[in-house]
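Fold and contact review
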Amino acid sequence: MALDRLFGRKSSVDVVDASVVTQVDMPAASEPPVAESSIIVATATDTGCIRELNEDAVQVVRDNNESSSHGLLAVVCDGMGGHAAGEVASRIAIDTIAREWRATSDPAVSLRQAVLAANRAILAVSATNRGYAGMGTTVIAVIIREGMAWCAHVGDSRCYLLRDNQLFLMTEDHSAVMELVKRGHITADAARAHPDKNVISRALGARRDVDVTVWPRPFRVRSGDHFLLCSDGLYDVVSDERMREILSSYEPDEACEQLIANARANGAPDNVTVAILAAPSVKSQNEVQREVGITRAVGMPVVSSAPAAEDVA
Ligand code: CA
């Protein structure tokens, strides 16, 4: 399983394995779990500067069932295949996953099952329609629920995490070029210019027994975390450093627009799609109390105005 090991070479982005992060990311005891209802979501997709069609697709679904919410789902798919078939494949994948992601009480199980169902649905359509034969799509999907995140992917669409102003790559592309990066043969920057950079080793729609990579365990979300899901049309032309700057400088809606604008400014030869899930940066009550010099508990909510004199030690 690809995520069982660290990348062989450190790139300009801090590349980490989700299981390693899980061991070091325990939040301060004062921080309550991030509620998925507080997560700010933004998406954008663009045909780019060269292509005539946009074969990417993106969707976010919130489960608003108050008694037993399954949380929040975000999916990005990058379709491929001639004569608009890529559009069909990515749309089938998104629709199937959006329908199936709540099938069980375990998000990891549901996510894997939903992606496998999407694979079957694409194969079924391509088997019965000659025009769609050979179509396929990548998928990157994240569920956030009760302060934890789950992720599944196939292909080279990615999940990044911005935390404490650092950008982490949270998925390993299923591609020959990523194998070269992992083995230390080429750098992540060189991979961007590699002639085979668009050759992926796994896709939905290619074979019945597709191998879905799911994070080995759920990942604890902290306030201030920003997850970025994207297609290769973004990271092929926008540097890690620029992505980091944009994610840390703008609100999610504006950040999506800026990411697209940067890709277009760099020629955007491919479709570009982004989804941002941002956990608001809420200071814990303890932190606020420390900052204003309060040394004993006061009632919620804590406000930023000066506390009453008797509340200050
Ligand atoms: Ca693409």
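Residues numbered from 1 in each chain as written. Predicted model: local features only at pLDDT ≥ 70, side-chain atom pairs only at ≥ 80, totals over all residues. Heavy atoms only, no water.

1. A look at the overall build of the chain
To keep it simple, the criterion reads: Comment: elements are numbered from the N terminus, with helices defined as DSSP H or I runs of at least four residues and strands as E runs of at least two. Throughout, exposure labels follow a simple rule: accessible area from a 1.4 Å probe, protein chains only, divided by the maximum for the residue type, with under 20% read as buried, over 50% as exposed, and the rest as partly exposed. Residues count as neighbours in contact if any of their non-hydrogen atoms are within 4.5 Å of one another.
On a plain count of helices and strands, the chain comes out with nine helices and 13 strands. Burial status across the chain gives 50% buried among its 313 residues. Of the contacts formed within the chain by residues at least 6 apart in sequence, a portion of 70% connects residues at least 24 apart.

2. Thoughts on the confidence of the model for the chain
Let me state the cut-off plainly: On a range of 0 to 100, pLDDT expresses the predictor's confidence in each residue.
The predicted model of the chain has a mean per-residue pLDDT of 85, with 80% of residues at 70 or higher. Long-range and interchain partners of residues 1–24, a stretch whose pLDDT sits below 50, account for 58 contacts in this model, where long-range means more than four residues apart. Between residues 296–313, whose pLDDT stays under 50, and residues either more than four places distant or in other chains, the model counts 18 contacts.

3. Some details on the coordination of the calcium ion
Defined as follows: Metal donors: N, O and S atoms at distances within 2.8 Å, or within 3.2 Å for Na, K and Ca, with water omitted from the atom set so that some sites may seem incomplete.
Protein coordination at the calcium ion: the donors are D78 (OD), D78 (OD), D232 (OD) and D270 (OD), at 2.3 to 3.1 Å from the metal. Between the donor residues of the calcium ion, the gaps in sequence give the motif D-x153-D-x37-D. Placement of D232 in helix 6 (residues 232–235) and of D270 in the loop between helix 8 (252–265) and strand 13 (272–278) is noted, with a sequence separation of 38 residues between them. In this structure D270 comes out as buried when scored by relative accessible area, which is 12%.

4. A short note on the packing of helix 2 (residues 85–100) against helix 3 (residues 107–128)
So the rule is basically this: Geometry is summarised by axes, namely lines fitted to C-alpha atoms with helices restricted to the contacting stretch, and by angles between N-to-C directions that run from 0 to 180 degrees. Note on convention: near helix rotated counterclockwise from far helix by under a right angle means a left-handed crossing. Clockwise means right-handed. Each residue receives one of three labels: charged for Asp, Glu, Lys and Arg, nonpolar for Ala, Val, Leu, Ile, Met, Phe, Trp, Tyr, Cys and Pro, and polar for the others, Gly being one of them.
Where helix 2 meets helix 3, the closest approach of the two axes is 8 Å, and the angle between their N-to-C directions is 140 degrees. In this structure, the crossing between helix 2 and helix 3 has a hand that is right-handed. Residues A89, I92, A93, T96, I97 and E100 of helix 2 form the contact with helix 3, whose own contacting residues are S110, A114, V115, A117, A118, A121, I122 and V125. Its residues assigned to classes, the contact of helix 2 with helix 3 comprises eleven nonpolar, two polar and one charged.

5. Observations regarding the side chain of D46
Rule in force here: In the analysis that follows, any N or O atom pair within 3.5 Å is treated as a polar contact, provided that within protein one partner can donate a hydrogen and the other can accept it, and provided that, for residues neighboring in sequence, both atoms belong to side chains.
In this fold, D46 is placed in strand 2 (residues 40–46). Only 2.7 Å separates the side chain of D46 from the backbone nitrogen of G48, close enough to count as a polar contact. For D46, the contacting residues outside a window of four places in its chain are N54, I260, R264, N271 and V272.

6. Considering helix 8
Applied cut-off: Multiplying 1.5 Å by the residue count of a helix minus one yields the expected span of that helix.
Compared with the 20 Å implied by 1.5 Å per residue over 14 residues, the 20 Å span of helix 8 between its first and last C-alpha is a close match. Among all positions in helix 8, only P252, A255, C256, Q258, L259, I260, N262 and A263 are buried. Check the buried side of helix 8 and you find it contacts strand 2, strand 12 (226–230), helix 6, helix 7 (240–249) and strand 13. A positive phi of about 100 degrees marks G267, the residue just after helix 8.

7. Description of helix 3
Because an α-helix completes one turn every 3.6 residues, residues spaced three or four positions apart along the sequence face the same direction. Taking 1.5 Å per residue as the helical rise, helix 3 with its 22 residues ought to reach 32 Å, and the 32 Å between its terminal C-alpha atoms agrees with that figure. For helix 3, the full list of buried residues reads P107, S110, L111, A114, V115, A117, A118, N119, I122, L123 and S126. On its buried side, helix 3 packs onto strand 4 (72–80), helix 2, strand 5 (136–137), strand 6 (139–145) and strand 7 (148–154). With a side-chain oxygen lying 2.9 Å from the backbone nitrogen of A108, the N-terminal cap of helix 3 falls on D106.

8. Quick notes on the layout of surface pockets
Put simply, the rule is: Each cavity reported here is a set of points on a 1 Å grid over the protein atoms alone in which a 1.4 Å probe fits but cannot get out, each pocket an open set with protein on both sides within 12 Å along at least five of seven lines, and each lining residue one with an atom within 4 Å of a point. Grid points are joined across faces, edges and corners, and a volume is the space filled by probe spheres set on the points.
One number sums up the size of the largest pocket: a volume of about 390 Å³. What lines the largest pocket is a set of 21 residues, among which G224, D225, H226, A279 and S281 lie closest to the centre. Looking at the lining of the largest pocket, the elements that each hand over two or more residues are strand 8 (158–163) and helix 7. Broken down by element, the lining of the largest pocket gets its largest block of residues, three residues, from helix 7. Residue composition of the lining of the largest pocket, grouped by class: eight nonpolar, seven polar and six charged.

9. A look at unusual backbone geometry
Backbone geometry places E146, a non-glycine residue, at a positive phi of 50 degrees. Secondary-structure assignment places E146 in the loop between strand 6 and strand 7. For D164, which is not glycine, the phi dihedral falls at a positive 50 degrees. The topology assignment puts D164 in the loop between strand 8 and strand 9 (166–169).

10. Concerning the packing of aromatic side chains
How we decide: A pair of Phe, Tyr and Trp rings is counted when the ring centres sit within 6.5 Å of each other, with Trp represented by its six-membered ring. The angle between the planes then sorts it: under 30 degrees is stacked, over 60 is edge-to-face, the rest tilted.
With the rule as written, the count across this model stands at two aromatic pairs. With a centroid separation of 5.6 Å and 55 degrees between ring planes, the pair formed by W215 and F219 is classed as tilted. Judged by relative accessible area, which is 4%, W215 ranks as buried. A centroid spacing of 6.2 Å and a plane angle of 80 degrees characterise the contact between F219 and F227, whose relative ring orientation is edge-to-face. Relative accessible area serves as the criterion here: at 1%, F227 is assigned to the buried category. Site record: aromatic cluster; members linked through ring pairs are W215, F219 and F227.

11. Structural notes on a negative patch on the surface
Formally: For patch building, the residue pool is restricted to those with more than 30% relative accessible area and no salt bridge; the joining distance is 9 Å between like charges and 5 Å between nonpolar side chains (Val, Leu, Ile, Met, Phe, Trp, Tyr). The accessible surface values rely on the Shrake-Rupley method and a 1.4 Å probe; as for residues, cover is taken only from the protein chains in view. Put simply, a salt bridge is a Lys or Arg side-chain nitrogen that is within 4 Å of an Asp or Glu carboxyl oxygen. Charge convention: Lys and Arg are scored as positive, Asp and Glu as negative, and His as well as the terminal groups of each chain are ignored. Every charge is mapped to an atom, namely NZ of Lys, CZ of Arg, CG of Asp or CD of Glu.
A cluster of acidic residues, E251, D253, E254 and E257, forms a negative patch on the protein surface. Secondary-structure assignment places D253 in helix 8.

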